[in-house]
Structures are given as structure tokens and as C-alpha cells.
Amino acid sequence: MADRLRTLDEEIARHLEEAAKSGELATAKGYGKPFAHDPGWESTPEALRMPFKILKEAGFVPAEVEWFHERARLKVALAAELGSGEREELRAKLVALEQKIALRLEALRGNAKI
């Protein structure tokens, strides 16, 4: 049955084969070279390494990464803040963000993605 529906893997393989035959694939950045070392690679859960690498190279930052950056900013701001009112507000934001991160990581674990 030549007209059968292709799986996603088969379709990807077909596109890659066409790109290789036309020479388009050889023009891709890093073609035929090993991945450049990324310091976060080993600390990233294996199931998320390649998706995060693809997103990073496309210039897209996953929300979870943004949350970690925001948490770091809040910790620095909290350490520098002397006023008790501001400290409490910063602490509340930090606690809420850490809870959000923990819930997201737990959801990923529950879905067996990490």
C-alpha cells in the first residue's frame, strides 16, 4: 500500500534524506561535527537535553529556565535589601516562584519525562 500514512519518524527520515541528497544538510551549522560542550548538558535530565538544545539554538528559552533566572535575581535582591517591607515582598515572590518550579518539576517527573 504505497499511499499509506507515514509515521512522524518516517517523514523526518524522508526530509533528512532529501536534504542530504540536495546538499542542503551539509550547509547546516555544525554538520558532521560533534556537539560543542555545553556546561548545563550533564545537569539537564536526559529526556530534556535534546529538546532544550534545539530550543536554545532556535533562540527560545523554556519557561522553566526563565524561572530559574528569576529565582537567582530574587535571591540577589533579597540579600541586598535592608528594608523589612521590601524583604517580605521579595521573600513572598521567591517562595511562590520556588513552589511553581517544584510543581512543574514534579509534573514532569509524573509524566516520566525526567
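Going by the structure above, here's the rest.
Small disclaimer: the values here were computed from a predicted structure and weren't measured. Each residue is numbered by its place in its chain's sequence as written, counting from 1. Predicted model: local features are reported for residues with pLDDT of at least 70 only, side-chain atom pairs are reported and counted for 80 or more only, and whole-chain, interface and lining totals are derived from all residues. The basis for every side-chain value is the complete set of heavy atoms in the structure, and neither hydrogens nor water enter the calculation.

Draft legend 1. Here's a closer look at helix α4 (residues 84–110). Strands here mean DSSP runs of E at least two residues long; helices mean DSSP runs of H or I at least four residues long; both are numbered from the N terminus. Multiplying 1.5 Å by the helix residue count minus one yields the expected span of that helix. Here α4 spans 38 Å end to end across 27 residues, near enough to the 39 Å set by a 1.5 Å rise per residue. With a 1.4 Å probe rolled over the protein chains alone, any residue whose accessible area is under 20% of its type maximum counts as buried; one over 50% counts as exposed, and the rest are partly exposed. Along α4, the residues classified as buried are Leu-90, Leu-94, Leu-97, Ile-101 and Leu-108. Two residues qualify as a contact provided that any one of their heavy atoms is within 4.5 Å of a heavy atom in the partner residue. The secondary structure elements touched by the buried residues of α4 are α2 (46–57) and α3 (63–80).

Draft legend 2. Quick look at the nonpolar core. We define the nonpolar core as a collection of buried residues of types Ala, Val, Leu, Ile, Met, Phe, Trp, Tyr and Cys that are connected through side-chain atoms lying within 4.5 Å of one another. Listed in full, the seven residues of the largest apolar core are Trp-67, Leu-74, Leu-78, Leu-90, Leu-94, Leu-97 and Ile-101. When residues of this core are assigned to their parent elements, the largest contribution, four residues, is made by α4. In contact with Leu-94, not counting residues within four places along its chain, are Arg-71, Leu-74, Lys-75 and Leu-78.

Draft legend 3. α2, seen in detail. Along its 12 residues, α2 runs 18 Å from first to last C-alpha, staying within 8% of the 16 Å computed at 1.5 Å per residue. Buried within α2 we find Leu-48, Arg-49 and Lys-53. End-on view of α2: buried residues confined to an arc of 135°, all on one side of the axis. As for α2, its buried residues are in contact with α4. Note that the arc is defined by the directions from the helix axis to the C-beta atoms.

Draft legend 4. Layout of a nonpolar patch on the surface. A patch is a set of surface residues, each over 30% in relative accessible area and not in a salt bridge, joined within 9 Å for like charges and within 5 Å for the nonpolar side chains Val, Leu, Ile, Met, Phe, Trp and Tyr. Note that accessible areas follow from Shrake-Rupley with a 1.4 Å probe, and for residues the cover is restricted to the protein chains shown. Any Lys or Arg side-chain nitrogen located within 4 Å of an Asp or Glu carboxyl oxygen qualifies as a salt bridge. A surface patch of nonpolar side chains, amounting to about 300 Å² of accessible area, comprises Leu-8, Ile-12 and Leu-16. Within the secondary structure, Leu-16 sits in helix α1 (residues 8–22).

Draft legend 5. Highlighting the environment of Glu-46. If you trace the backbone, Glu-46 turns up in helix α2. For the pair formed by Glu-46 and Phe-68, sequence separation is 22 residues and the distance between their alpha carbons is 18 Å.

Draft legend 6. Region of interest: the side chain of Arg-49. Structurally, Arg-49 is set in helix α2. Filtering out sequence-adjacent residues up to four positions away, Arg-49 remains in contact with Trp-41, Glu-42 and Thr-44.

Draft legend 7. Inspection of the environment of Ala-63 at higher detail. Its place among the elements puts Ala-63 in helix α3. Taking the relative accessible area as the measure of exposure, Ala-63 reaches 39% and is therefore partly exposed. Once the C-alpha coordinates of Ala-63 and Leu-78 are considered, the two residues, 15 residues apart in sequence, prove to be 22 Å apart.

Draft legend 8. How the structure looks around the packing of α3 against α4. Interaxial distance between α3 and α4 falls to 10 Å at its minimum, and their mutual angle equals 155°. Between α3 and α4, the interaxial angle falls into the category roughly antiparallel. Crossing of α3 against α4: the hand is left-handed. Residues Glu-64, Trp-67, Phe-68, Glu-70, Arg-71, Leu-74, Lys-75, Ala-77 and Leu-78 of α3 form the contact with α4, whose own contacting residues are Arg-87, Leu-90, Arg-91, Lys-93, Leu-94, Leu-97, Glu-98, Lys-100, Ile-101, Arg-104 and Leu-105. Axis definition: a line fit to C-alpha positions, over the contact stretch in the case of helices; interaxial angles, taken between N-to-C directions, run 0 to 180 degrees. The labels follow the angle: roughly parallel below 35 degrees, roughly antiparallel above 145, roughly perpendicular from 65 to 115, and oblique for the rest. A clockwise turn of the near helix away from the far one marks a right-handed crossing, whereas an anticlockwise turn of less than a right angle marks a left-handed crossing.

That's the geometry; what it means functionally is another story.
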